[in-house]
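Listed here are the chains, written in short residue letters.
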Amino acid sequence: PRRSGEIGRRTSLRGWRSKGRRGSSPLFDTITTESSQPFSPLGDAERAALQVRTLRVLIAGQISGAMALAAAVTVGAFVIQDMLGQDTPWGGLASATVTMGTALMSQVLARVMTRKGRRGGLQLGYMMAVAGGVIAGVGVEMNSLLLFLVGLFLFGNGQAANLLSRYAATDLALPTERSGAMSRILFASTFGAVFGPLLIRPAEQLGQDWFHWHKYTGPWIFAAVFLSLAFINVTLRMRTDPLEASGGLSRQSSADVVRPNLAAIIRMLGRSSDSRLALTAMVISQMTMVAVMTMTPVHLKAHGHETVSPLIISLHIAGMYAFSPLIGRFSDSRGRLPTITLGSILLIAATLMAALAGDEPALLFPSLWLLGAGWSCGIIGGSSLLVDSVTGGLRVQVQGTADLLMAFFGGLAGFASGFVRRAVGFTMLANVASLLVAILLIAVLSRRIGEPIQSTINS
């Protein structure tokens, strides 16, 4: 039996390599000899009940994590300005460091999940984020830029855990329910992202009055407290791991699963048209959103409209998360490609309106709302298409790699946006973002036009 299994495994790998070059099969569907059944032997009623419980746990953790991230990262640029001067062009260094931490740790947490399940990966992510929040607070208190940046990097684990939670929501979901399950996790972020910044002022005041801390120390310590609540929530309430219950953990841990390195997985993603388009949608949506959103408050402040900045950003956050359930249902009913197309159109409209805004903030209200809604379409449609395209082993590792690339390029866009705005202005930054999204729109339209033609040829 062992000999025949080894022969089957080698044959399967040869088939994957030949089919992968032609792009004629879903990503990884022939990598292993294990069954491609989507679920474990759970009955429909058991699966549905466990999915409901899992979503409740993930939603609670998402709210706590989003509150912590929104509250702390909001003051990151202020800390950098305090340390390096008000006119420093390195104001985006704080968000870039958190994002880079998110990118690199997404891959680490995904590897942990392949061995220990979703619960183990989320626990590690939230625990390291708690340590990062404390270290960042100590760095602020000691006026140490290096210590502060180390804390921010570890703090990025919280965002990595929150992002990977959307994939955990799909482990037990039926294929026609995946976008809807994912959108519920994103929707939960609305509450944390909106109410988190409201805690900044009380955290600052409490830290100064009670503990005599630096003004910006309190938000980081309070963020660590909220992340510890997310850790406790997962530890105590996620008793049945959704990846294990779906049969995914046994597949990931199987001896027959080929475990390529990061570079190999990226090459594999490039060989599948579905995964390639999914990754493109996620990366470009993230880059566009981060670049324009990061520089909008700076642009408003430069033209004397700082007071309306919180209102515009709140509307932007509402666009990102509040309508995600509707977008999820649209993706499940109409398809992933129409959802990505809709997101591309909304992002182009948003960036063009931002470029036309000039010195007046009126156009930035609808612009930032459309920017958030377009991002939501791109992330939900792209992530769902990625989940659909990975039908065999290594699913979790592929998801972590996709999030790594999405967060890395998003962080790069956020870091570079300050220098681009300073060199050529906010209008040109928005125009560059429009051109970037146009690439995505052309790619998805070409795919949608090509499908009927290919079907006609095949028939």
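Notes on the structure in this doc start here. Not measured: the values here are computed from a predicted model.

### Some words on the overall build of the protein chain
Here comes step 1: In terms of regular secondary structure, the protein chain is built from 18 helices and zero strands.
Here comes step 2: Split into buried and exposed, the 459 residues of the protein chain put 54% on the buried side.
Here comes step 3: Of the contacts formed within the protein chain by residues at least 6 apart in sequence, a portion of 83% connects residues at least 24 apart.
Here comes step 4: Counting only carbon and sulfur atoms, one obtains 65% of the accessible surface of the protein chain, whose full area is about 19,100 Å².

### Some thoughts on the pattern of salt bridges
A side chain of one charge can pair with a side chain of the opposite charge if their charged atoms are brought near each other.
Here comes step 1: Applying the stated criterion across every chain yields a total of seven salt bridges.
Here comes step 2: Among the salt bridges present, the one from R336 reaches D332, with a minimum N-O distance of 3.0 Å.
Here comes step 3: For the salt bridge of D388 with R336, the shortest nitrogen-to-oxygen distance reads 2.7 Å. Of the two residues, D388 is situated in helix α16 (residues 364-389) and R336 in helix α15 (residues 336-357); the sequence distance between them amounts to 52 residues.
Here comes step 4: We classify D388 as partly exposed; its relative accessible area is 26%.
Here comes step 5: Taken together, the salt bridges that share partners define one network made up of R178, D332, R336 and D388.

### Quick look at the nonpolar core
Here comes step 1: Formed by 111 residues in total, the largest nonpolar core has its most connected members in L122, F148, L152, W220, L364 and L386.
Here comes step 2: For this core, the element with the highest residue contribution is helix α12 (residues 273-302), accounting for 14 residues.
Here comes step 3: Residues in contact with L364, not counting those within four places in the same chain, are T296, H299, L300, I312, A354, A357 and F426.

### Comments concerning the side chain of S64
Here comes step 1: The topology assignment puts S64 in helix α2 (residues 44-73).
Here comes step 2: Among all residues touching S64, those that are not within four sequence positions of it are F226, L229 and A230.

### A short note on the side chain of S285
Here comes step 1: With respect to the element layout, S285 can be found in helix α12.
Here comes step 2: Judged by relative accessible area, which is 0%, S285 ranks as buried.
Here comes step 3: Polar side-chain contacts of S285 include one of 2.7 Å to the backbone oxygen of A281.
Here comes step 4: Each residue touching S285, except ones within four places of it in the same chain, is listed here: L347, W375, G378 and L440.

### Points about a positive patch on the surface
Here comes step 1: A surface patch of like charges, here positive, comprises R53, R56, R184 and R237.
Here comes step 2: With respect to the secondary-structure elements, R184 resides in helix α6 (residues 178-195).

### Observations concerning unusual backbone geometry
Here comes step 1: For N143, which is not glycine, the phi torsion reads 55° and is therefore positive.
Here comes step 2: For N143, a relative accessible area of 56% translates into the label exposed.
Here comes step 3: Positive phi, close to 60°, is recorded for H212, a residue that is not glycine.
Here comes step 4: Turning to its location among the elements, H212 is positioned in the loop between α7 (200-211) and α8 (217-237).

### Considering the packing of aromatic side chains
Here comes step 1: For the structure shown, the criterion picks out seven aromatic pairs.
Here comes step 2: Geometrically, the ring pair formed by F155 and W220 is edge-to-face, given 5.4 Å between the ring centres and 80° between the ring planes. With F155 in helix α5 (residues 145-168) and W220 in helix α8, this pair connects stretches of sequence that are 65 residues apart.
Here comes step 3: Ring centres of F323 and W369 lie 5.6 Å apart, and the angle between their planes is 85°; this geometry places the pair in the edge-to-face category. Highlighted residues: F323 in the loop between α13 (309-321) and α14 (324-334) and W369 in helix α16, separated in sequence by 46 residues.
Here comes step 4: A residue is classified by how much of its surface remains accessible, and F323, at 34% relative accessible area, is partly exposed.
Here comes step 5: The rings of F148, F155 and W220 are connected pair by pair, giving a single aromatic cluster.

Conventions we followed
- Within each chain, residues carry numbers counting from 1 in the order of the written sequence.
- With pLDDT at 70 or above as the cut-off, local features in this predicted model cover only qualifying residues; side-chain atom pairs require 80 or more to be listed or tallied, and sums for whole chains, interfaces and linings still use all residues.
- No hydrogens and no water enter the side-chain calculation; it runs on all heavy atoms of the structure.
- Secondary structure elements follow DSSP: runs of H or I no shorter than four residues count as helices, runs of E no shorter than two count as strands, and numbering proceeds from the N terminus.
- Here's how the labels work: a residue is buried when its accessible area is under 20% of the maximum for its type, exposed when over 50%, partly exposed in between, all with a 1.4 Å probe on protein chains only.
- What makes two residues a contact is simply this: any of their non-hydrogen atoms within 4.5 Å.
- In these tables, accessible area is a Shrake-Rupley quantity obtained with a 1.4 Å probe, and a residue counts as shielded only by the protein chains included in the view.
- Salt bridge criterion: a side-chain nitrogen from Lys or Arg within 4 Å of a carboxyl oxygen from Asp or Glu.
- Buried Ala, Val, Leu, Ile, Met, Phe, Trp, Tyr and Cys residues form a nonpolar core when they are joined through side-chain atoms within 4.5 Å.
- Counting of polar contacts relies on pairs of N or O atoms within 3.5 Å, with two restrictions inside protein: one atom must be capable of donating a hydrogen and the other of accepting it, and residues adjacent in sequence are counted only when both atoms are side-chain atoms.
- Patches draw on residues past 30% relative accessible area with no salt bridge. Two like charges within 9 Å are joined, as are two nonpolar side chains (Val, Leu, Ile, Met, Phe, Trp, Tyr) within 5 Å.
- Just so you know, the count uses Lys and Arg for positive and Asp and Glu for negative, and it drops His and the chain ends.
- Where a charge lies is defined by one atom per residue type: Lys uses NZ, Arg uses CZ, Asp uses CG and Glu uses CD.
- Only centres within 6.5 Å qualify two rings of Phe, Tyr or Trp (six-membered ring in Trp) as a pair; their planes then separate them into stacked at under 30 degrees, edge-to-face at over 60, and tilted for everything else.

Interpretation in functional terms is not warranted from these geometric data alone.
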